[in-house]
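Close look at the chain arrangement
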Amino acid sequence: TDAMTLIPHSKPSLGPEELRAVTEVLRSGQITAGPMVAQFERGMAAYIGLHGGVAVSSGTVALELALRALGVGHGDNVILPSYVCSAPWLAVQRVGAQARLVDINPTTFNLDPQKVRKARTSRTRAVIVPHMFGLPADLTSLQALDIPLIEDCAQTLGAFEQGRAVGSVGILTVCSFYATKLLCTGEGGMVLSNDEALLERVRALREYDKAPSLNTAAGNCKLTDLQAALGVAQLNQLGEFLDKRSALATLYRELLPAELFTAPVVPAGRTHVYYRFVVRLMKGLQSPDEFTDYLSRLAHRGLQCRKPVFRPLHRYLDLPDFPASDEVDTSSISLPLHPSLTEEVVRQAVHILQEELH
């Protein structure tokens, strides 16, 4: 057995429901975008509590089309956190706008609303709000800034902020259905909104064929019925998946010693769905060399842990003054957590985590 995959960090949850759903699509002969895509769009919109959705080929494409639907382009800027994967930055670049990076709240890993307020200019057209690792951002404070919000729910479907479903607050919401997301279709994404005019713009950008006029921004960004069948099957089980994640997170909290690890914080008025169980290593263990060595020792023991974000965006761009992002980048690790994980394996993981700190 390969020790590197003994305890996998993440793993898709696939079973007989998904097999039946895909088999039915194959038997139907309708494998490209069709009725299953439409069913998946309706189901996702209903789950979040929105008017409708437009399924697309990836979460990154969903971000780009959301920006284009808002008319964001050259001369505009879009605010987003540095501590996030590169997809939001890439989407901003592709529409020709400027990304204005801001720092995060190191306790929640989410956007710092005060930093957003200071970063806004007369050219700010939107804020991309990634809800990180399963915890909603401070939507109440961000909404008060009166800037259009694009909620990125790739990691936080099913969570709530002040009683509101994540994804129901922004002018547009995007989702990713990558293989290891909370809900997966292999690859895929969706743009959702209460604004039908915006959704129509996204539909016009998703596919160029049979359009009344030529649109140079349009492309072939569709989801297939095969993928949508997976999505429908997964959506029907999402409540069970989230319950399992919550139970595993509770076990981690019980087992991890507080003197060695800081467990995820859940501020009042928010719920956490634990897409990732991200812990902070305590003081004295946060130098880059110590951090890298610790991850290497865990991997050698067969425990797959990950840096929650591969590299903050400001590091790619050589930008200074992101102290919170720098702090969490060298002190935070994401522990294995997925619905197929067992309590026995969690206990084994915690044992290895503690041993390699001594």
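What counts and what doesn't
Within any chain, residue numbers begin from 1 and follow the written order of that chain's sequence. Whole-chain, interface and lining totals are the exception, using all residues; otherwise, since this is a predicted model, local features are given only for residues with pLDDT of at least 70 and side-chain atom pairs are given and counted only at 80 or more. Water and hydrogen atoms play no part in the side-chain values, which are based on all heavy atoms of the structure. When a residue's accessible area, from a 1.4 Å probe over protein chains only, is under 20% of the maximum for its type it is buried; when over 50% it is exposed; and in between it is partly exposed. Only DSSP runs of H or I with at least four residues qualify as helices, and only runs of E with at least two residues qualify as strands; both kinds are numbered from the N terminus onward. Polar contact criterion, stated in full: a pair of N or O atoms within 3.5 Å, where within protein one must be able to donate a hydrogen and the other to accept it, and residues adjacent in sequence count only if both atoms are side-chain atoms. Between any two strands, pairing holds if DSSP finds at least two bridges. Contacts between residues were defined by any pair of non-hydrogen atoms, one from each residue, lying within 4.5 Å.

**Looking at helix α3 (residues 59-69)**
- For α3, the buried fraction is high: nine of the eleven residues fall into the buried class.
- For α3, the set of buried residues is G59, V61, A62, L63, E64, L65, A66, L67 and A69.
- At the N-terminal end of α3, a side-chain oxygen is found 3.4 Å from the backbone nitrogen of T60, two or three residues along, and the residue is S58.
- Two residues or fewer after α3 comes G71, characterised by a positive phi angle close to 80°.

**Observations concerning the pairing of strand β12 (residues 332-335)**
- The alternating pattern of β12 places S332 and S334 on one face and I333 and L335 on the opposite face, and all of these are buried.
- Bridge count for strand β11 (residues 277-281) against β12 is four bridges, and the pairing is antiparallel. Across the sheet, V279 pairs through a bridge with I333, a residue of β12.

**Here we look at the environment of A62**
- With respect to the secondary-structure elements, A62 resides in helix α3.
- The exposure class assigned to A62 is buried, which follows from its relative accessible area of 0%.
- Along the chain, A62 and P88 lie 26 residues apart, while their C-alpha atoms are 9.9 Å from each other.
- In this view, A62 contacts V56, V174, C175, M190 and V191; residues no more than four positions away in its chain are not counted.

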